[in-house]
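Fold and contact review
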Amino acid sequence: MMKIGLTGGIGSGKTTIAKALQNSGYPIYIADREASRLMNHAPEIRNALIRLFGENIYCPDHTLDKQQLAALIFNDTTRLQQVNRIVHPAVMQDFLVWCGKQQTALVFFESAILFEAGLTSYFDAVICVTATLQTRIERVMKRDQISTEQVNERIHNQAADEEKQQQADFIIDTTDGKSWRNQITTLIDILIHKQ
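All values derive from a computational prediction rather than experimental measurement. (Residues numbered from 1 in each chain as written. Predicted model: local features only at pLDDT ≥ 70, side-chain atom pairs only at ≥ 80, totals over all residues. Heavy atoms only, no water.)

**Examining the packing of helix α1 (residues 14-23) against helix α9 (residues 180-194)**
A pair of packed helices can be characterised by two numbers: the angle between their axes and the separation between those axes. In contact at an axis separation of 11 Å, α1 and α9 are set at 55 degrees when each is read in the N-to-C sense. Relative to α9, α1 is oriented oblique. Relative to α9, α1 is oriented so that their crossing is right-handed. Residues T16, I17, A20 and L21 of α1 form the contact with α9, whose own contacting residues are W180, I184 and I188. Partitioned by chemical class, the residues of the contact of α1 with α9 number 6 nonpolar, 1 polar and no charged. (Axes fitted to C-alpha atoms, helices over the stretch in contact; angles between N-to-C directions. Helix = DSSP H or I, 4+ residues; strand = E, 2+ residues; numbered from the N terminus. Parallel < 35°, antiparallel > 145°, perpendicular 65-115°, else oblique. Left-handed = near helix turned anticlockwise from the far one by under 90°. Contact = heavy atoms within 4.5 Å. Nonpolar A, V, L, I, M, F, W, Y, C, P; charged D, E, K, R; others polar.)

**Examining the packing of aromatic side chains**
Applying the stated criterion across every chain, the model contains 8 aromatic pairs. Between the aromatic rings of Y29 and W98, the centroid separation amounts to 5.4 Å while the plane-to-plane angle is 70 degrees, which identifies the pairing as edge-to-face. Of the two residues, Y29 is situated in strand β2 (residues 28-30) and W98 in helix α5 (residues 77-99); the sequence distance between them amounts to 69 residues. A single burial state applies to Y29 and to W98, both of which are buried. With 4.9 Å between their ring centres and 75 degrees between their planes, F95 and F109 make a pair best called edge-to-face. (Phe/Tyr/Trp six-rings, centres within 6.5 Å; stacked < 30°, edge-to-face > 60°. Buried < 20%, exposed > 50% of the residue type's maximum accessible area, 1.4 Å probe, protein only.)

**Some remarks on the environment of A160**
Along the polypeptide, A160 turns up in the loop between α7 (148-156) and α8 (161-167). Taking the C-alpha atoms as reference points, A160 and G9, 151 residues apart in sequence, are found 8.0 Å from one another.

**Regarding the nonpolar core**
With 32 residues, the main nonpolar core has L49, F95 and F109 as its most contacted residues. At the level of secondary structure, the elements contributing two or more residues to this core comprise α2 (31-41), α3 (43-53), α4 (66-73), α5, β3 (106-110) and β4 (125-130). No other element matches α5, which puts 8 residues into this core. With near-sequence residues (within four places) excluded, F109 lies in contact with I4, G5, L6, Y29, A31, V91, M92, F95, L114, L119 and F123. Residues A18, L106, V129 and I172 belong to the second largest nonpolar core, which totals 22 residues. (Core = buried A, V, L, I, M, F, W, Y, C linked by side-chain atoms within 4.5 Å.)

**A word on the confidence of the model for the protein chain**
Scored by pLDDT, the protein chain has a mean of 92; 99% of the residues are at 70 or more. Within the protein chain, no element has a lower average pLDDT than α7, which sits at 83, and none a higher one than β2, at 98. (pLDDT = per-residue confidence, 0-100.)

**What about the environment of K142?**
Mapped onto the secondary structure, K142 falls in helix α6 (residues 133-144). Of the residues examined, K142 reaches a relative accessible area of 68% and is grouped as exposed. Along the backbone, K142 and F74 are 68 residues apart, and their C-alpha atoms lie at a distance of 25 Å.

**Topic: the pattern of salt bridges**
Counted under the stated rule, the structure contains 7 salt bridges. Of the charged contacts, one joins E110 and K14 as a salt bridge, the two residues approaching to 3.7 Å between their closest N and O atoms. Of this pair, E110 sits in strand β3 while K14 sits in helix α1; the two residues are 96 residues apart in sequence, bridging distant segments of the chain. For E110, a relative accessible area of 9% translates into the label buried. Take K14: its relative accessible area is 10%, and that puts it in the buried class. (Salt bridge = Lys/Arg side-chain N within 4 Å of Asp/Glu carboxyl O.)

**Things to note about unusual backbone geometry**
Positive phi outside glycine occurs at H62, with the angle close to 75 degrees. For H62, a relative accessible area of 52% puts it in the exposed group. Phi is positive for Q145, close to 55 degrees, though the residue is something other than glycine. Here Q145 shows up in the loop between α6 and α7.

Spelled out as structure tokens, the structure:
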């Protein structure tokens, strides 16, 4: 089984590619979703976050207060790193357990911050999904109903697309909204034959 990382900046088309792979029968581990689940339900993460931020970091219904956490770590790199040191190892452990339950030749791990989190050693290959900056801005403005300035701020808070592309083993460009399907087919063939 090959473990493939799938990453890309906001508006790159990463979610579209993940859905297409899933529709082709390949399991996708969505890191954001699973991290949220673990932060709500894994006792070791819960206890560590309470030690760091206090009981109020969880709502009365025992779910994580995401808005409060976001506010606490937004401009505090030390606290962000502390949270990442708690959450990322748990997510990767969960991913490895999940991999053990899959029956396919390829499994995919989708995360916007795969490189930033230093997770590349877990994967046999990493795919970076990309699109032109203008395309990305237009997609996010349409999807989230926000201004160009707000999109640019979000993009600015992520690692540069060029950096991600340099570190990736493969690149899928979704700019034209069509050719990525052929790019996926070609890429799957390459990966299957690398085994």
